[in-house]
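Fold and contact review
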Amino acid sequence: MSIRDADLDALLEDAKLDDEGGPALPLDEAARSREIEALFARRDALLEARSLVPREGRLRRSQHVALGGLLLGAALLTVFARQSTTSQSGARRSVEGSPTVAAADPHQERPTPVATPASEPRSVDVASLPSLPSLPPVTAPLAERATASSSPPPASPRTNAEEEEAEDLLRTANRLRADKQWSEATRTYEKVLERYGRSGQAYPAMVSAASLRLNRLSDPAGALRLYERALAARPTGTLAEEALFGQARAYRDLGRTDDERSALRRFISNHPSSWHADDARQRLQELERGRGHETGAADNRAESPTR
Amino acid sequence: MTVTNQAFSITPYRAPTSDVARVASATIDADYEAQIRGAALGDRALAEALFHRLLPRIRNLVRYLTNGDHEAQDITQEAALAILQGLPGYRGDGPFHGWVDRIVVRVTLLRRRRSRTLAARSDATDVEEAQSTVGLELDERYAARRRLVLLFDRLPLEQRDVLVLHHVLDMTVGEIADQLGIPGETVRTRLRRAKVRLRALVDEGREGGRS
């Protein structure tokens, strides 16, 4: 006997969308909070990128190339000027000092390079930040790791109070980032890791700190360590897409072409429908044609197809 | 495990409170309105509170339109981000949930098109996973929807889309035609075919359940 029309209609009637009741897998409160934290972290990263670079739409590749040449020249002039006034240039790669080149962000498609206001805090002293290697290495899932740092690690098991403190600290870091206090924001994100490494806030803090180190503090090595931690802690976490893409970009900035190629392949394989997948494929093709070796970190920032 | 091995109850779940819950969920209370307004103006705390409410709805709609939970998870994040970014542009001149749902549908269809692999997979063990990994009691309504969405997973995507837009979101044929960019007659044809196919799947499930 076949199902009656009325029964089929009633089945479909029960499918009407509401706020709870499925069919998505249930999400408990803690997981929902983590999702939302990750959502706002992604949004903040986008805002951060756009606050630096007002976009007027994607540039064509040929425009990138032309602008890249101009910007490279401008960058070299700027670096020359900066080197004459500061003795701290050793900590930074020359192109990263360029105020005319947009800092990249994993969410940003293709930045339009524009002049940055003089007040733009690009000259962050990376050396003043806490040393990343002192942070505990990731050898096990984040939730099972004990933190080892100069700050006292949280008691086990973690309490609601600790979760709340971690949330507060993360909010503080988000606020600092919104205020463009990149260095202080990075420090605060990393405090979340040091003090509340087992909390649900540690993961978004890790990726946010990595993004700031890469995009704002010209510290791709520090960013890479954080991205690697995030990927080791949660290989398929909600921010894995950002972490993997960021890792590839950090490799690129460090000139580690083979590692970049591997990271791009992993990214395309794991996130084939990502907004960045086409750019990643394009960059991979470049690398495989051998062109990637010819482009230095300088013009990477100016005409990166992966940004 | 597939749906055909599962006894599929043809009796729809009719919880006495479901309509009340539905009405309540569709009603924008004062708190909710404040959250929407505040979020649109950039108040982060209100935006977070708003998304606490919205996230299950977004997840549910994405899952209705997507084969499998894993890809639904990815798309949910994209859809939620699109809503968050679009909030400053929400002017309140239409139902908020309608605005949210349209964004979710748009992002989901776009993402699905961008990834052919998304359409090819279906999580056959979803119900078991839900019971075992989340540790929440599954109520009857939830279980019925899970079974239904597992049937949706076996529909051709174009039929699934019109079925979801029409029956889950209550969109008219004209609205669906606009949303999908296809003629109204095509929408009607797909709806008819979708129901025929769905009926066959339900029958198949019942037979499988008996044997």
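For clarity, every value in this text was computed on a predicted model and none was experimentally measured.

1. Overview of the overall build of chain B
Summing up its helical and strand segments, chain B has eleven helices and zero strands in all. What you see in chain B, going N to C, is helices and strands ordered as α-α-α-α-α-α-α-α-α-α-α. Within chain B, the proportion of its 211 residues that are buried is 37%. A fraction of 67% describes how many contacts in chain B between residues 6 or more apart in sequence connect residues 24 or more apart.

2. Details of the nonpolar core
One recurring pattern in soluble globular proteins is that nonpolar side chains are buried together. Within the largest apolar cluster, 94 residues are counted, with the highest numbers of intra-cluster contacts made by Val192, Ala205, Met206, Ala210, Tyr227 and Ala230 of chain A. It is helix H3 (residues 44-65) of chain B that provides the largest number of residues to this core, a total of ten residues. Per-domain counts for this core show at least three residues from each of domain 1 (28-123) and domain 2 (140-211) of chain B.

3. What about the environment of isoleucine 176 of chain B?
Residue and element names in this part refer to chain B. Mapping isoleucine 176 onto the fold places it in helix H10 (residues 173-180). You can call isoleucine 176 buried: it has 24 C-beta atoms within 10 Å. A sequence separation of eleven residues divides isoleucine 176 from leucine 165, and the C-alpha atoms of the two residues are 6.6 Å apart.

4. Here we look at the confidence of the model for chain B
Residue and element names in this part refer to chain B. Taken as a whole, chain B shows an average pLDDT of 76; of its residues, 71% reach a score of 70 or greater. Below a pLDDT of 50 lies the segment residues 1-27, which in the model reaches 46 contacts outside its immediate sequence neighbourhood of four places, other chains included. In the model, residues 117-137 has pLDDT below 50 throughout and makes 36 contacts with residues more than four positions away in sequence or in other chains.

5. Notes on the packing of helix H9 (residues 257-270) of chain A against helix H10 (residues 277-288) of chain A
All names here are of chain A. Packing of H9 against H10 brings their axes to within 10 Å, and their N-to-C directions diverge by 145°. Like other packed secondary-structure pairs, H9 and H10 cross with a definite hand, here left-handed. Residues Thr257, Glu260, Arg261, Leu264, Arg265, Phe267 and Ile268 of H9 lie in contact with H10, whose contacting residues are Ala277, Ala280, Arg281, Arg283, Leu284 and Leu287. Each residue belonging to the contact of H9 with H10 can be placed in one class, and the counts come to seven nonpolar, one polar and five charged.

Conventions and cut-offs
- Residues numbered from 1 in each chain as written.
- Chains lettered and ligands numbered in written order.
- Predicted model: local features only at pLDDT ≥ 70, side-chain atom pairs only at ≥ 80, totals over all residues.
- Helix = DSSP H or I, 4+ residues; strand = E, 2+ residues; numbered from the N terminus.
- Buried ≥ 20, exposed ≤ 12 C-beta atoms within 10 Å, placed from the backbone.
- Contact = placed C-beta atoms within 7 Å.
- Core = buried A, V, L, I, M, F, W, Y, C linked by C-beta atoms within 7 Å.
- Domains from an automatic or database assignment.
- pLDDT = per-residue confidence, 0-100.
- Axes fitted to C-alpha atoms, helices over the stretch in contact; angles between N-to-C directions.
- Left-handed = near helix turned anticlockwise from the far one by under 90°.
- Nonpolar A, V, L, I, M, F, W, Y, C, P; charged D, E, K, R; others polar.

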